[in-house]
Amino acid sequence: MSAKVELENIEKSYGATQTLRSASLTIEAGEFMTLVGPSGCGKSTLLRIMAGLQPQSAGEIRIDGTSVDHLRPRERDIAMVFQSYALYPHMSVEQNIGTPLRVRRLPTAVRLPVLGRLVPGQRTARREIQEAVREVADQVEIGHLLPRKPAALSGGQRQRVALARAIIRNPKVFLMDEPLSNLDARLRVTMRGEITSLHRRLGATFIYVTHDQTEAMTMSDRVAVMMDGEIVQCASPQELYTNPQDLRVARFIGSPEINVVSTEETARWTGQPLPDGIAHIAFRPEAIDFTPKSAGIGVDARLLRHELLGHDVLVFLQTDQGTEVTGRIPAAQWSGLAVADGQIAFTLRPEALLAFDPSGKRAPLPFSPDGMMPADRMLSHAS
Amino acid sequence: MSKTRQAGAGMRYTLGQFASHAFLLALAFIFMFPFYVMLVTSFRAPQELFTPEFNWLPQVFTGAHYYIESLTATPVLTFMKNGVIISLGILLVQLLTAIPCAYALAKFEFRGRKLLFAIVIFALTVPIQVPALPLFLGLNAIGALDTYFAAMMPFFLSVFAIFLFRQSFKSYPDEIIHAARLDGMSEWAILWTIVVPGSVPAIAAFSVFSLTSHWNDLYWPMIVIRSNELMTPPLGLAYFADSESGENYGALMATATILTAPLMLAFLFAQRQFIRGITMTGVK
């Protein structure tokens, strides 16, 4: 049970401020798609528009090829999990989980608070709902909490109730709006694993919103990075990391942040001016290589400080031109490193560099990938 | 455990706390004294009333004498029945109208919402005395004077309730309402089964306010009610005091006691529920 979700040029504006400008995205059936971006980038708005909780100003949403723009939230066959869990505070866990089924399977008269019990012919339906609730609650391991009220549950348990309430309807599409951000760090790691295994088990389409790049990178099939109301890049997590199409994406994905240096400085390293149309050169901390005499672009730098992370070491450096860059090397390599007078030299492999034009868009690399030569003999290609 | 700690804290009352408690006790005495006089007069012989010295307790205890007299000589129970019908009727319609209005003002986006809310605030400043004459003429024109309807109608729409509930609904989390919409509930179901249970303290507070003010209201019933069998408690009491037993203070006070008792008792019992209702909503 899964569905393909297509967003076409979705726009949303509140008065003069435009929170979404022409967001287009295709989410394949059964895919785990994450929308990630800094707060205020419009990712939650986009999710609410998909759910039908807010109307879009322009654009079309299709689920399995048919437009759902005119459908109300209940008719879209979508379930949603909220950051604040959004459980009904006055209902027990059992009633909370059962609500979607009660609303769909029991006629209105039966659902009336006291009188509903008197309507005949509802026993089977009620028993079926009760069984479904029990089954789903066991799936997310909250079977023993059914009689409790949400106020008596921990954050993790509440999130499980919210998941169970979404699962019970067996929807084709799950929307999740930062479901883990109210949980503590340890629980977040556990729930991350549980949500991905839930996705595998249900096979439904998951659309997950988060501002946490770790969640985005670890859980998803594909990640759509949103900035300022636009989808800047949509690709697999690995692709986003190694091949960002926009400087903002490069900066947002990866920790510690990607190193960005000006073209002037790069030109000084290589001894060659860089062609016009390139404004920034960026490289990941792993691209910094301290092995002496290794091939690539040689750079002299001063060691500012280092951070031991157990397996890895983060090395904070300042180049002769004053730019600060960060390197990440295995701890074993760090202990064997020779630092004389706080000065340290490193090399960069040209193919590890990423070039961006003045507007931040990715540009072709001006270095020849096969020219793995010392810096002074690097060739530059105008492009 | 906590009790002993509280007792320990009690030992350290400061002078300021003594002063404020003394002040509060004095106020409590001033407010309670008329009730005490009402109660004690209903139990004492009439000749004790006009003696120069004041006695805290009746010299001659008349027991239930004036109560029996009050219940038999005047239609006290009818007054009470009318009071219940009118104040509950008003409250019911007020809740049924104000809750949807307040929900729309609190949670829906629509053109003119701000203007409508401004009108609500403005209407809060208009007392019943202002539209009294047109209302009277209107009720007279449709021949509805001297009915339960006439006594209730002006209070059916309570802007105070709309204002109070709107404030309460506004603080209800949007995400829960969104979840309910995705779960498939209609807007009416969301309002009555999700939002209203979350606003019980506000609704209870308003109910108390509404019930007391209409149980005790003398002004409007005096204008529209003529027949004895439709009189509300204060109107009945006023009528009774004027005409039949102007001199019979004991019976008058007994009647007053009987008529104020339901509200007093309801308050005493509901007080605990209130506090619980208010503390329960603190838990999210």
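Residues numbered from 1 in each chain as written. Chains lettered and ligands numbered in written order. Predicted model: local features only at pLDDT ≥ 70, side-chain atom pairs only at ≥ 80, totals over all residues.

S.K.: Sorry if this is basic, but what is going on with the overall build of chain B here?
M.R.: The number of helices and strands found in chain B is 14 helices and zero strands. For chain B, buried positions account for 28% of its 284 residues. Partitioning the intrachain contacts of chain B with sequence separation of at least 6 by distance along the chain shows that 75% fall at a separation of at least 24. (Helix = DSSP H or I, 4+ residues; strand = E, 2+ residues; numbered from the N terminus. Buried ≥ 20, exposed ≤ 12 C-beta atoms within 10 Å, placed from the backbone. Contact = placed C-beta atoms within 7 Å.)

S.K.: Would you take a moment to explain the overall build of chain A for this structure?
M.R.: From N to C terminus, chain A includes 11 helices and 19 strands. Dimensions of chain A, computed from C-alpha atoms along their principal axes, come out at roughly 90 × 45 × 35 Å. Here chain A holds 383 residues, and the buried ones make up 38% of them. Counting only contacts in chain A whose residues sit at least 6 apart along the sequence, the fraction spanning at least 24 positions is 64%.

S.K.: Help me understand the sheet that holds strand 11 (residues 259-262) of chain A in this model?
M.R.: All names here are of chain A. Taking strand neighbours across the sheet as the criterion, the four strands line up as 11-12-18-19 in an open arrangement whose pairing is antiparallel. Only two strands of the sheet have a single neighbouring strand rather than two, namely strand 11 and strand 19 (362-363). Bridge count for strand 12 (residues 280-283) against strand 18 (residues 354-356) is three bridges, and the pairing is antiparallel. Along strand 18, the bridge assignment pairs I281 with A355. Of the strands in this sheet, strand 11 and strand 12 are in contact with helix 10 (residues 263-270), which crosses strand 11 at around 85 degrees. (Pairing = 2+ DSSP bridges. Axes fitted to C-alpha atoms, helices over the stretch in contact; angles between N-to-C directions.)

S.K.: Any chance you could explain the interface of chain A and chain B here in plain terms?
M.R.: Bring the parts together and some accessible area is lost; that lost area is often taken as the interface size. If you look at the interface, chain A gives 18 residues, while chain B gives 15 residues. Secondary-structure elements contributing two or more residues to the side of chain A that touches chain B are strand 6 (78-81) and helix 2 (93-105) of chain A. Take the side of chain A that touches chain B: its biggest share by element is four residues, from helix 2 of chain A. Grouping the constituent residues of the side of chain A that touches chain B by class yields 13 nonpolar, three polar and two charged. (Nonpolar A, V, L, I, M, F, W, Y, C, P; charged D, E, K, R; others polar.)

S.K.: Honestly, the sheet that holds strand 3 (residues 32-36) of chain A in this entry has me stumped. Any pointers?
M.R.: Strand-to-strand pairing in sheets goes through backbone hydrogen bonds, with the strands running parallel or antiparallel. All names here are of chain A. What the six strands build is an open sheet, ordered 6-7-8-3-9-10; its pairing is mixed. What marks the edges here is a single partner per strand, and that holds for strand 6 and strand 10 (230-235). Here the strands of the sheet are splayed against their neighbours by 20 degrees on average, with no regard to which way each runs. With five bridges connecting them, strand 9 (residues 222-227) and strand 10 associate as antiparallel partners.

S.K.: How should the domain arrangement of chain B be read in this particular structure?
M.R.: Residue and element names in this part refer to chain B. Under the domain assignment, chain B is made up of domain 1 (16-63) and domain 2 (76-281). Taken over C-alpha atoms, the centre of domain 1 sits 32 Å from the centre of domain 2. Contact with domain 1, which involves seven residues of that partner, is made by six residues of domain 2. Residues that form the side of domain 1 that touches domain 2 fall into these classes: four nonpolar, three polar and no charged. (Domains from an automatic or database assignment.)

S.K.: Can you walk me through the pairing of strand 16 (residues 324-330) of chain A in this structure?
M.R.: Consecutive side chains along a regular strand alternate between the two faces of the sheet. All names here are of chain A. Side-chain alternation along strand 16 places V325, G327 and I329 on a buried face and E324, T326, R328 and P330 on a face that remains uncovered. Judged from the seven bridges that link them, strand 15 (residues 312-319) and strand 16 form a sheet pairing that is antiparallel. Its bridge partner lying in strand 16, L317 is registered against V325. As consecutive antiparallel partners, strand 15 and strand 16 are separated by four residues, and within that stretch G322 has a phi angle of approximately 95 degrees, a positive value.

S.K.: Mind showing me how you'd approach the confidence of the model for chain B here?
M.R.: Interpretation of the predicted coordinates at a detailed level should be avoided for regions scoring low in pLDDT. Residues and elements named next belong to chain B. Here chain B shows a mean pLDDT of 85. Residues at 70 or above account for 90%. For chain B, per-element mean pLDDT is lowest for helix 1 (residues 2-10), which scores 47, and highest for helix 4 (residues 76-107), which scores 94. Low pLDDT, under 50, characterises residues 1-9; the stretch is placed with zero contacts to residues that sit more than four places away or in other chains. Both scores are available for the predicted complex, with the pTM at 0.80 and the ipTM at 0.83. (pLDDT = per-residue confidence, 0-100.)

S.K.: Which parts of the structure should I look at to understand the nonpolar core?
M.R.: Judged by nonpolar contacts, the single largest core of 119 residues is most densely connected at A:M50, A:M80, A:L175, A:I207 and A:V225. Here this core takes six residues from helix 5 (residues 155-167) of chain A, the largest share from any one element. What A:M80 contacts, discounting residues up to four positions off in sequence, is A:A51, A:A166, A:L175, A:D177, B:A179 and B:L182. Of all hydrophobic cores here, the second largest spans 27 residues; its members include B:F79, B:I90, B:F155 and B:L235. (Core = buried A, V, L, I, M, F, W, Y, C linked by C-beta atoms within 7 Å.)

S.K.: I keep staring at the domain arrangement of chain A and nothing clicks. Help me out?
M.R.: Residue and element names in this part refer to chain A. In terms of domains, chain A is made up of domain 1 (5-251) and domain 2 (256-377). Between domain 1 and domain 2, the C-alpha centre-to-centre distance is 41 Å. At the junction of the two partners, domain 1 supplies seven residues and domain 2 supplies nine residues. Class assignment of the residues belonging to the side of domain 1 that touches domain 2 gives a composition of three nonpolar, one polar and three charged.

S.K.: How should I be thinking about the environment of A:D69 in this particular structure?
M.R.: Tracing the backbone shows A:D69 in the loop between strand 5 (66-67) and strand 6. Setting aside chain neighbours within four positions, we find A:D69 in contact with A:E60 and A:I61.

S.K.: Can you help me understand helix 6 (residues 185-202) of chain A in this one?
M.R.: Residues and elements named next belong to chain A. Under the 1.5 Å per step criterion, the end-to-end length of helix 6 is 26 Å for 18 residues, consistent within 8% with the ideal 26 Å. For helix 6, the complete set of buried residues consists of M191, I195 and H199. Take helix 6 and look down its axis: the buried residues cluster within an arc of 80 degrees, on one side only. With respect to the buried face of helix 6, the exposed residues turned more than 90 degrees away are R186, T190, G193, S197, R200 and R201. Buried residues along helix 6 sit in contact with strand 3, helix 5, strand 8 (205-210) and helix 7 (213-219). (Expected span 1.5 Å × (residues − 1). Arc of directions from axis to C-beta.)

S.K.: Honestly, the packing of helix 4 of chain B against helix 8 (residues 159-170) of chain B in this entry has me stumped. Any pointers?
M.R.: The packing of two helices is summarised by the inter-axis angle and the distance between the axes. All names here are of chain B. Where helix 4 meets helix 8, the closest approach of the two axes is 8 Å, and the angle between their N-to-C directions is 45 degrees. When the interaxial angle is binned, helix 4 and helix 8 end up oblique. The chirality of how helix 4 crosses helix 8 is right-handed. Along the contact surface, helix 4 presents Q94, A98, I99, C101, A102, Y103, L105, A106 and K107, while helix 8 presents A161, I162, F165, R166, F169 and K170. Its residues assigned to classes, the contact of helix 4 with helix 8 comprises 11 nonpolar, one polar and three charged. (Parallel < 35°, antiparallel > 145°, perpendicular 65-115°, else oblique. Left-handed = near helix turned anticlockwise from the far one by under 90°.)

S.K.: Looking at this structure, I do not really get the environment of A:W334. What am I missing?
M.R.: Residues and elements named next belong to chain A. You can see W334 is positioned in helix 11 (residues 331-335). Using a count of 17 C-beta atoms within 10 Å as the deciding quantity, one classes W334 as partly exposed. Taking the C-alpha atoms as reference points, W334 and L101, 233 residues apart in sequence, are found 59 Å from one another. Those residues within four positions of W334 in sequence are excluded, and the remaining contacts are V313 and I329.

S.K.: Just to check I follow, could you spell out unusual backbone geometry for this structure?
M.R.: The general pattern is negative phi for most residues beyond glycine and trans for most peptide bonds. Residues and elements named next belong to chain A. Along the chain, S255 connects to P256 via a cis peptide bond; the corresponding omega equals 0 degrees. With phi around 55 degrees, N170 is a residue other than glycine that occupies positive phi space. Residue position: N170 is located in the loop between helix 5 and strand 7 (173-177). A tally of 15 C-beta atoms within 10 Å means that N170 is categorised as partly exposed.

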